[in-house]
Amino acid sequence: MNKVTVFDHPLIQHKVTVMRDKETSSKEFRELVGEVAQLMCYEATRDLPLEEVEVETPVATAKARRISGKKLAVVPILRAGLGMVDAILTMIPNAKVGHIGLYRDPETLNPVKYYCKMPKDIAERDVIIVDPMLATGGSADAAIEFIKEYGCRHIKLMCIIGAPEGVARIRKNHPDVEIFVAALDEYLNDHGYIVPGLGDAGDRIFGTK
Ligand code: PRP
Ligand code: URA
């Protein structure tokens, strides 16, 4: 079964708590999405391969290590995933970005695809799919499926809040995909919202409600 990492770092827990607060403004919420994504990125890239190099410091030659040319792509699920992208690119500036547009049909909760644009060489890249919310898991499941159709074999999923239902669905349908969530919540309500969650992440990032 795939590994699921739930973050217990105090900085992440604190920031997620502020995000949950319904009084937090869109501006602050947006900033926090980026900050949490950046902290999570640190752990999600822990297995990047390194190579030995020599570098001349002002004092001597140092035997040092650098990332060995691994190609990465960050793929946000639109809209809300966009809120995580810039922060991750700050950490991995050479990553390419692919976009998948999906929205949940409010009646069926099934994901509807409306946009998809990937880097040309996506099949050669390790992919990190980002979306603040993993609820039923329908959107992430569909996104992983699309990306696998391009030939990608190394995929990670990074979400800020996950529901047990969503995590279980990805583990069942994509046992090869490693999952990172900043918090694992209790359950989904009748409208498919994560409880206690933080509401509609897209609306809170973009101020559309
Ligand atoms: C939200 C969220 C995920 C999806 C999670 O997007 O950002 O993409 O719902 O739900 P699921 O796990 O049940 O599929 P939404 O459909 O509200 O679109 P938006 O990002 O455009 O607001
Ligand atoms: N999408 C959201 O934005 N929030 C939820 O709680 C569930 C799905």
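To be clear, the structure that these remarks concern was listed above.
Okay, so let's go over this structure. Counting from 1, residues in each chain are numbered in the order their sequence is written. Labels follow written order: the first chain is A, the first ligand is 1, and so on. Local features in this predicted model are restricted to residues of pLDDT 70 or higher, and side-chain atom pairs are both shown and tallied only at a pLDDT of 80 or more, whereas totals for entire chains, interfaces and linings draw on every residue. For side-chain calculations, the full set of non-hydrogen atoms in the structure is used, while hydrogens and water are omitted.

Description of helix H3 (residues 82-91)
1) Next: Each residue is assigned to one of three classes by its accessible area relative to the maximum for its type, calculated with a 1.4 Å probe on protein chains only: buried under 20%, partly exposed between the two thresholds, exposed over 50%. Comment: elements are numbered from the N terminus, with helices defined as DSSP H or I runs of at least four residues and strands as E runs of at least two. Residues Met84, Val85, Ala87 and Ile88 constitute the buried set of H3.
2) Next: Note on contacts: a residue pair is in contact if any heavy atoms of the two residues lie within 4.5 Å. The secondary structure elements touched by the buried residues of H3 are helix H2 (26-44), strand S4 (72-78), strand S5 (96-97), strand S8 (126-130) and strand S10 (155-162).

Observations concerning the site of ligand 2
1) Next: The full set of residues close to ligand 2 is Arg104, Met133, Ala135, Gly192, Tyr193, Ile194, Gly199, Asp200 and Ala201.
2) Next: Under this definition, polar contacts are N or O atom pairs within 3.5 Å; protein pairs additionally need one hydrogen-donor-capable and one acceptor-capable atom, and for neighbouring residues in sequence, both atoms have to be side-chain atoms. The backbone of Ile194 places a nitrogen or oxygen atom 2.8 Å from an oxygen atom of ligand 2.
3) Next: In this structure, an oxygen atom belonging to ligand 2 sits 2.9 Å away from a main-chain N or O atom of Ala201.
4) Next: Here ligand 2 has 240 Å² of accessible area as a free molecule, and 88% of this is covered by the chains.
5) Next: The nonpolar class holds Ala, Val, Leu, Ile, Met, Phe, Trp, Tyr, Cys and Pro. Asp, Glu, Lys and Arg form the charged class, and all remaining residues, Gly among them, are polar. When its residues are assigned to classes, the shell around ligand 2 shows five nonpolar, two polar and two charged. Residues are counted as near a molecule or strand when any one of their heavy atoms sits within 4 Å of it. Here the accessible surface of atoms and residues is derived via Shrake-Rupley with a 1.4 Å probe, and residues count as covered only by protein chains that are part of the display.

Overview of the packing of aromatic side chains
1) Next: Ring geometry is summarised as follows: Phe, Tyr and Trp rings, the Trp one being its six-membered ring, pair when their centres sit within 6.5 Å, and such pairs are stacked at plane angles under 30 degrees, edge-to-face over 60 and tilted between the two. Evaluation of the coordinates by the stated rule reveals two aromatic pairs.
2) Next: A centroid spacing of 6.4 Å and a plane angle of 35° characterise the contact between Phe7 and Phe180, whose relative ring orientation is tilted. One end of the pair, Phe7, is in the loop between strand S1 (4-6) and helix H1 (10-20); the other, Phe180, is in strand S11 (residues 178-184), and 173 residues separate them in sequence. Comparing Phe7 with Phe180 shows no difference in burial state: the two are buried.
3) Next: A ring has a charge above it when a Lys NZ or an Arg CZ is no more than 6 Å from the ring centre and no more than 35 degrees off the ring normal. Geometry around Tyr193 places Arg104 over its ring, the cationic atom sitting 5.9 Å from the centre.
4) Next: Against the face of Phe146 rests Lys113, its NZ or CZ located 4.0 Å from the ring centre.

Re a nonpolar patch on the surface
1) Next: Each patch is built from residues that are more than 30% exposed by relative accessible area and take part in no salt bridge. Like charges join if they lie within 9 Å; nonpolar side chains (Val, Leu, Ile, Met, Phe, Trp, Tyr) join within 5 Å. Put simply, a salt bridge is a Lys or Arg side-chain nitrogen that is within 4 Å of an Asp or Glu carboxyl oxygen. On the surface, a nonpolar cluster with roughly 330 Å² of combined accessible area is contributed by Tyr103, Tyr114 and Tyr115.
2) Next: One can find Tyr115 in strand S7 (residues 111-117).

Section: the nonpolar core
Inside soluble globular proteins, nonpolar side chains tend to come together where they are buried.
1) Next: The biggest cluster of nonpolar side chains holds 38 residues, and the ones touching the most others in it are Met40, Ile88, Met158 and Ile160.
2) Next: Among the elements of the structure, H1, H2, S4, H3, S8, S10, S11 and helix H6 (201-206) are those that each provide at least two residues to this core.
3) Next: Counting residues per element, this core draws most heavily on H2, at eight residues.
4) Next: Among all residues touching Ile160, those that are not within four sequence positions of it are Val16, Met19, Val33, Val36, Met40, Met84, Asp131, Pro132, Val181, Ala182 and Ala183.
5) Next: In these notes, a set of buried Ala, Val, Leu, Ile, Met, Phe, Trp, Tyr and Cys residues joined through side-chain atoms within 4.5 Å is what counts as a nonpolar core. The next biggest cluster of nonpolar side chains, apart from the first, holds 25 residues, and it includes Val127, Val167, Val177 and Val181.

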